[in-house]
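Structure assessment
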Amino acid sequence: MNFRFLRPSSCLPAGARRGLALLLLSGLGLLGACQLDLPNPNAATDEQTLTTREGVFALSVGLRQLYSTAALEPIILTTGTSSREVKGITTFFNVTELEQGGANLSPSNANTSALFARNYRVVGVADRLIAAAPTVLAADAPARSGVLAHAYLFKAAALAGVALGFEQGPLTTGTAPGFVPRQQLLGQAISLLDQAVQELTANPPSAEFTTQVLGTDFSLLNTVQAYRARFNLMAGNYAAALTAANQVTLTVRSGFTYSAQNPNPVYQFTALPGTNFRPRDRFGLPASLVEAGDGRLAFYLTGPVVVDANNGSTDNIRTLAGFFGTINSPIPAYLPDEMRLIRAEANLRAATPNTAAALLDINAVRTQASGDPWGVHANLPAYSGPVTVPDLLLEVYKQRSAELYLSGLRLDDSRRFGRPAPPTSLTERTRNFYPYPQQERVNNSNTPADPAI
C-alpha cells in the first residue's frame, strides 16, 4: 500500500495544527490487518487530543483530508481500472494484474487491498469523533451537530466505498470484526446520512465550525443529501433516492481541495513521471456509447490518442484534464448533473415508470451548454431515440459514464445496468467484485471466501 502523511491545514489554530499529523497517523492502525500505531513520546495522545474542542475540530479537518487524499484514490483509480476508465500502463505486478483483471487478480493485490483498508481507516477516525463530540461539545449544540454530521458523512462514504468493490465487509473496525453483505453496508451508510440530516436540521452548524472545519469549498448539507441520493440508488431504494436528489441545491459547488502538500491523488498516479495509469479514449466506453460532439470529451481528456500495447493488448490512451489536470485541481464531492441522472434513473426504475420526467432530466444534462458550477457541459442535442424504459435507461448509463467519468461510480453502474460482464466478456469491466485482502484474511478468521470473479 502507499501510505501518505498529510500536513496540517494552515487555517487551523496552532495547537490543532500540531496535533493533526499525529491524529491522522494514529487513525491508520484500526484493523487487525493494518497495525501501524507508532508511539511518539513528544506528542499528545489520541485520548488527550480528543478531550479538547481544538482537538476535535482538528481531527474533523483531518478526517476529510484522510478521505480525500487516501481513500478516494483507490475508489477512483482501482475501480476505474476494473471498469476500463483507465489503463494500467506500468509493469508493476499489482498494476499489471489489476489491469488484466479476471482470475489473474490476487488477494495480495496492493490496489484492491488499499480500497478496503483505507476506507476502514476513515471509519475508525469517524468513530472516534462520533464518540468524543457529545461529551467535548456538550455545551455547544451547533458545533456538536456539525462535528457529528461531518463524521457521519465520511463514515457513510467509506462504508459505501467498500461496497463499491467488495461483496461483503465489516460494519466496524476492531479485532476480527464480522462481515455483512454489501447491501447492509449501504443500509448502514444511508442510516448514518439520515442521522446527519437530523443533526443539521435540529442545530445548523456554528459559524466557528463552518470557518475552521468546512471552509468555503465544502457544502456539508448538500453533500449529505447528494450521498443519500447516491447510496439509496445503489441500494435500489428509488423513491428515497429521488427524494434526496431533490433536496440538493444544483447551483452550489462542494468539493475536495488539494495543494502541493496534500496533492490531488488522481493527478499523482496519472500525470507525474513514472505514472501507473492513463485514461482510455472515449471514457473507456464502446464507440456506440459515445457521441463525437460530446463536450465532456474535451473537458476530461486532452492530448493526442496514443496506441499502447502493454500487457499484450492494444488500446487508445489519453492524458487527463478536468478535475485531474494539476496537482491542486479540486475534485467535486458530487456533480449537480449526477442528481438529475439519479432522478431520471429512479423515475425509470419506479414501479410505475415516469418516462416524461426522466426525459426532462436526461435532456437537461444532454443540452446543457453553460451554467454548470463545475463547468461540465455536454452541449449535445436533445435525445431523439425511442422513449421506452430500456432505451432511456441505456441513455442514463451513457450520460452517467460521460458526466461522472472517474468519480468512482462506473463499476457499480456497470453491474446495476447489467453491462457485459466477466467471465463472458472483459470489454466493459474485468471484475465483478474483488478478492478480500490476504492480510485481512490472515488476521481475521471471519473473512469470507473470495468471489470467483
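Refer to the preceding data block for the structure.
Here we summarise the structure given alongside this text. Within any chain, residue numbers begin from 1 and follow the written order of that chain's sequence. In keeping with the predicted nature of the model, local features appear solely for residues at pLDDT of at least 70, side-chain atom pairs appear and are counted solely at 80 or more, and the whole-chain, interface and lining totals rest on all residues. With hydrogens and water set aside, each side-chain value is computed from the structure's full complement of heavy atoms.

1. Some words on the overall build of the protein
- Segments assigned H or I by DSSP are reported as helices when at least four residues long, segments assigned E as strands when at least two residues long, and all are numbered from the N terminus. Within the protein, the regular secondary structure consists of 17 helices and 8 strands.
- Exposure classes here rest on a 1.4 Å probe applied to the protein chains alone. A residue is buried below 20% of its type maximum, exposed above 50%, and partly exposed in between. Buried positions account for 59% of the 453 residues belonging to the protein.
- Considering only residue pairs separated by 6 or more positions, the protein has 70% of its internal contacts joining residues 24 or more positions apart.
- Of the roughly 16500 Å² of accessible surface on the protein, 53% is carried by carbon and sulfur atoms. Residues count as neighbours in contact if any of their non-hydrogen atoms are within 4.5 Å of one another. Under the convention used here, a 1.4 Å probe and the Shrake-Rupley method define accessible areas, while residue burial counts only the protein chains that appear.

2. Topic: the packing of helix H7 (residues 182–202) against helix H9 (residues 220–235)
- Fitted lines through C-alpha atoms give the axes, limited to the stretch in contact for helices. The angle between two N-to-C directions lies from 0 to 180 degrees. Running from N to C, H7 and H9 cross one another at 155°; their axes reach a closest spacing of 9 Å. Accordingly, the angle class assigned to the pair H7 and H9 is roughly antiparallel. Read as a crossing pair, H7 and H9 show a hand that is left-handed. Facing Arg 182, Gln 183, Leu 186, Ala 189, Ile 190, Leu 193, Asp 194, Ala 196, Val 197 and Leu 200 of H7, the residues of H9 in contact are Leu 220, Leu 221, Val 224, Gln 225, Tyr 227, Arg 228, Phe 231, Asn 232, Met 234 and Ala 235.
- All amino acids are sorted into three groups, where Ala, Val, Leu, Ile, Met, Phe, Trp, Tyr, Cys and Pro are nonpolar, Asp, Glu, Lys and Arg are charged, and the leftover types, Gly among them, are polar. Along the lines of polarity and charge, the residues of the contact of H7 with H9 split into 14 nonpolar, 3 polar and 3 charged. Should an angle fall under 35 degrees it is called roughly parallel, over 145 degrees roughly antiparallel, and 65 to 115 degrees roughly perpendicular, with every other angle called oblique. A crossing counts as left-handed when the near helix is turned anticlockwise from the far one by less than a right angle, and as right-handed when that turn is clockwise.

3. With respect to helix H4 (residues 93–100)
- The set of residues buried in H4 consists of Val 95, Thr 96, Glu 97, Leu 98 and Glu 99.
- Looking one or two places after H4, you find Gly 101, whose phi comes out positive at around 65°.

4. Describing the environment of Gly 174
- Within the fold, Gly 174 resides in the loop between strand S2 (168–169) and strand S3 (180–181).
- On the basis of relative accessible area, Gly 174 is assigned to the partly exposed category, the value being 27%.
- Remark: the alpha-carbon pair of Gly 174 and Gly 124, spanning 50 residues in sequence, is separated by 8.5 Å.

5. Quick notes on the packing of aromatic side chains
- Aromatic contacts are taken between Phe, Tyr and Trp rings whose centres are within 6.5 Å, Trp giving its six-membered ring; a plane angle under 30 degrees counts as stacked, one over 60 as edge-to-face, and the others as tilted. A complete count under the given rule lists 22 aromatic pairs for this structure.
- On the numbers, 6.3 Å between centres and 85° between planes, the contact of Phe 283 with Tyr 300 is edge-to-face. Note that Phe 283 is positioned in the loop between strand S5 (277–279) and helix H12 (295–300) and Tyr 300 in helix H12, a separation of 17 residues in sequence.
- On the basis of relative accessibility, which here comes to 1%, the residue Phe 283 falls in the buried class.
- What makes Tyr 300 buried here is its relative accessible area of 1%.
- Judged by centre distance (5.2 Å) and plane angle (65°), the rings of Phe 299 and Phe 323 are edge-to-face. Note that Phe 299 is positioned in helix H12 and Phe 323 in the loop between strand S7 (315–320) and strand S8 (331–332), a separation of 24 residues in sequence.
- Accessibility expressed as a relative area gives 19% for Phe 299, which makes it buried.
- What makes Phe 323 buried here is its relative accessible area of 6%.

6. With respect to the side chain of Arg 278
- Considering the arrangement of structural elements, one finds Arg 278 in strand S5.
- Judged by its relative accessible area of 18%, Arg 278 falls in the buried class.
- Each polar contact in these results corresponds to two N or O atoms within 3.5 Å; when the atoms are within protein, one needs to be able to donate a hydrogen and the other to accept it, and residues that are neighboring in sequence are counted only if both atoms are side-chain atoms. Side-chain polar atoms of Arg 278 contact the backbone oxygen of Arg 318, separated by 2.8 Å.
- Apart from the residues within four sequence positions on either side, Arg 278 is in contact with Val 86, Lys 87, Ile 89, Thr 270, Ile 317, Arg 318 and Thr 319.

7. Some remarks on unusual backbone geometry
- Pro 423 follows Pro 422 through a cis peptide bond whose omega is 5°.
- Here Pro 423 is to be found in the loop between helix H16 (410–416) and helix H17 (438–443).
- One non-glycine residue with positive phi stands out, namely Ala 176, at about 50°.
- In this structure Ala 176 comes out as partly exposed when scored by relative accessible area, which is 30%.

8. A closer look at the pattern of salt bridges
- We define a salt bridge as a contact between a side-chain nitrogen of Lys or Arg and a carboxyl oxygen of Asp or Glu at a distance within 4 Å. On inspection of all chains with the given rule, the structure shows 27 salt bridges.
- Across the salt bridge formed by Asp 361 and Arg 343, the nearest N and O atoms sit 2.7 Å from each other. With a gap of 18 residues between them, Asp 361 in helix H14 (residues 355–366) and Arg 343 in helix H13 (residues 336–349) connect regions that are remote in the sequence.
- A residue is classified by how much of its surface remains accessible, and Asp 361, at 9% relative accessible area, is buried.
- For Arg 343, a relative accessible area of 16% puts it in the buried group.
- Ionic pairing is found between Arg 419 and Glu 428, a salt bridge with its closest N-O pair at 2.7 Å. Here Arg 419 matches Glu 428 in class, with each residue buried.
- Three or more residues joined by partner-sharing salt bridges are found here, namely Arg 182, Glu 345, Arg 349, Arg 400, Asp 412, Asp 413, Arg 415 and Arg 416.

9. Thoughts on helix H6 (residues 141–165)
- Working rule for helices: expected span equals 1.5 Å times residues minus one. Taking 1.5 Å of rise per residue, the 25 residues of H6 would be expected to cover 36 Å, and the 37 Å separating its terminal C-alpha atoms lies within 8% of that figure.
- Most of H6 sits inside the fold, with 22 of its 25 residues counted as buried.
- The distance from a side-chain oxygen at the start of H6 to the backbone nitrogen of Ala 143 is 3.2 Å, and the residue carrying that oxygen is Asp 140.

As far as function goes, none of this settles anything; it's purely spatial.
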